[in-house]
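Listed below, chain by chain, are the residues.
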Amino acid sequence: MNAAPADQIRLLDVQALDVRLQQLAHKRKSLPEHAEIESLTKDLTQLRDLLVAAQTEESDCAREQTKAEQDVDQVRQRAVRDQQRLDSGAITSPKDLENLQREIASLAKRQGDLEDVVLEVMERRESAQERAGELSGRVASVQSKIDDATGRRDAAFEEIDGEATTVTKEREVVSASVPADLLKLYDKLRVKEGGVGAARLFQRRCDGCRIELNITELNEVRSAPADAVVRCENCHRILVRTSESGL
C-alpha cells in the first residue's frame, strides 16, 4: 500500500485522538465515585433490610400488645362480674361462695400475669421502635452520601463526555483527510492491536511495541519509497517515518 508521507503523518494525529478517546473512556469507567456508590449502595441495602426487620418486629409487637390487652380486659370484665355476683348476696351456698372466691383469686392472678405480658411486649415494641428510628436515620444519611457521590459522578460524566464529543468531531475532520484505504487498514490494526494501529518510528524504535529495529529491518525501511506504507516486523502496526526516525 502507498500513501503520501503527509497522509501517513496525519494518521499519527488520528492515532493520538483515538488514544485520547480511549483515555477518556477509561477515565469515565474508572471514576472513584463508581466504587464509592457501589459500596454505599451495599450498605444502604443492608440497612434497609435491617430497617424492614425492625419495622416488622414493631408491627408484630403492636398486634401482640393489642391481643394481650384484650385478654387482660376480658379477664378484668369477668372478675368484675364475679365480684358483683359475690357482693350481691345472691349466692348463699357455702360451696358456691368458695368456688366463686377461688375463681376471683384465680382471675386476679391471671390478670396480673397477662399485665406482665403486656409490659414485656411494650418493652420489646419500644426497643423495636428505637431501632427503627435509629436505622431510619442511618438510611437517610447513607442515601444522602449516595446522592452526593452520584452528583459528583454525573458532573464528571458531563465534563468527560463533553471533551469526548469535541475529540470525536476533531477525529472526524482529521480522518477525512486520510486516504480511505489507509484509514481502513489503520482501523483494522487498531482493533486488533489493543487500540494502536499506527506508531511513529522514533530513533530507530517503534513507538508501538517499544522495540528497536535491527539493522536488517532498518535497511528495509531506509530502502522503502517515501510513499510506501511500512509495517513494524514485531507488532505489525503501521510504522510512520518522520524526521526523527533516525534513518
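Look above for the structure.
Report on the accompanying structure. (Residues numbered from 1 in each chain as written. Predicted model: local features only at pLDDT ≥ 70, side-chain atom pairs only at ≥ 80, totals over all residues. Heavy atoms only, no water.)

The subject of this paragraph is the pattern of salt bridges. Evaluation of the coordinates by the stated rule reveals 28 salt bridges. Residue E38 is joined to K42 by a salt bridge in which the shortest nitrogen-to-oxygen separation is 3.9 Å. Taken as a pair, E38 and K42 lie in helix α2 (residues 32-88) at a separation of 4 residues, close to a single helical turn. With its nearest N and O atoms 3.3 Å apart, the salt bridge here joins R200 to E244. Of the two residues, R200 is situated in strand β1 (residues 198-202) and E244 in the segment after β4 (238-241); the sequence distance between them amounts to 44 residues. (Salt bridge = Lys/Arg side-chain N within 4 Å of Asp/Glu carboxyl O. Helix = DSSP H or I, 4+ residues; strand = E, 2+ residues; numbered from the N terminus.)

Our focus in this paragraph is the nonpolar core. With 23 residues, the main nonpolar core has L11, L182, Y186 and I238 as its most contacted residues. Residue assignment for this core shows that the elements contributing at least two residues are α1 (5-29), α3 (94-176), α4 (180-192) and β4. If one sorts the elements of this core by residue count, α3 sits on top with 6 residues. In this view, Y186 contacts L11, V14, Q15, D18, R171, G197, A198 and I238; residues no more than four positions away in its chain are not counted. One finds A199, C206, L218 and A224 within the second-largest nonpolar core, a separate group that totals 12 residues. (Core = buried A, V, L, I, M, F, W, Y, C linked by side-chain atoms within 4.5 Å. Buried < 20%, exposed > 50% of the residue type's maximum accessible area, 1.4 Å probe, protein only. Contact = heavy atoms within 4.5 Å.)

Residue Q203 is not a glycine yet carries a positive backbone phi of 50°. Tracing the backbone through its elements, the reader meets Q203 in the loop between β1 and β2 (205-206). Backbone geometry places R210, a non-glycine residue, at a positive phi of 65°. With respect to the helices, strands and loops of the structure, R210 is situated in the loop between β2 and α5 (215-223). Residue class for R210 comes out exposed when judged on its relative accessible area of 55%.

Another point: the sheet that holds β1. Within a sheet, adjacent strands bond to each other through the backbone by hydrogen bonds, running parallel or antiparallel. Taken in spatial order, the 4 strands make up an open sheet running β2-β1-β4-β3, and their pairing is mixed. Strands with a single pairing partner mark the edges of an open sheet, and in this sheet they are β2 and β3 (230-231). With 2 bridges connecting them, β1 and β2 associate as antiparallel partners. Bridge pairing links F202 to R205 in β2. Where α1 meets the sheet, its contacts fall on β1 and β4, and the angle it forms with β4 comes to roughly 120°. (Pairing = 2+ DSSP bridges. Axes fitted to C-alpha atoms, helices over the stretch in contact; angles between N-to-C directions.)

Two elements, β1 and β4, share 4 bridges in a ladder whose sense is parallel. Bridge pairing in β4 places A198 opposite I238. Once β1 ends, the chain turns through 2 residues before running back antiparallel as β2, passing Q203 with a positive phi of about 50°.

This paragraph deals with α5. Within the span of α5, buried status applies to E217, L218 and V221. Considered in projection along α5, the buried side chains sweep an arc of 100° and stay on one side of the axis. Residues of α5 that are exposed and point more than 90 degrees away from the buried face comprise I215 and S223. Buried residues along α5 sit in contact with β1 and β4. Capping the start of α5 is the job of one residue whose side-chain oxygen sits 3.1 Å from the backbone nitrogen of T216: N214. (Arc of directions from axis to C-beta. Polar contact = N/O pair within 3.5 Å; in protein donor to acceptor, adjacent residues only side chain to side chain.)

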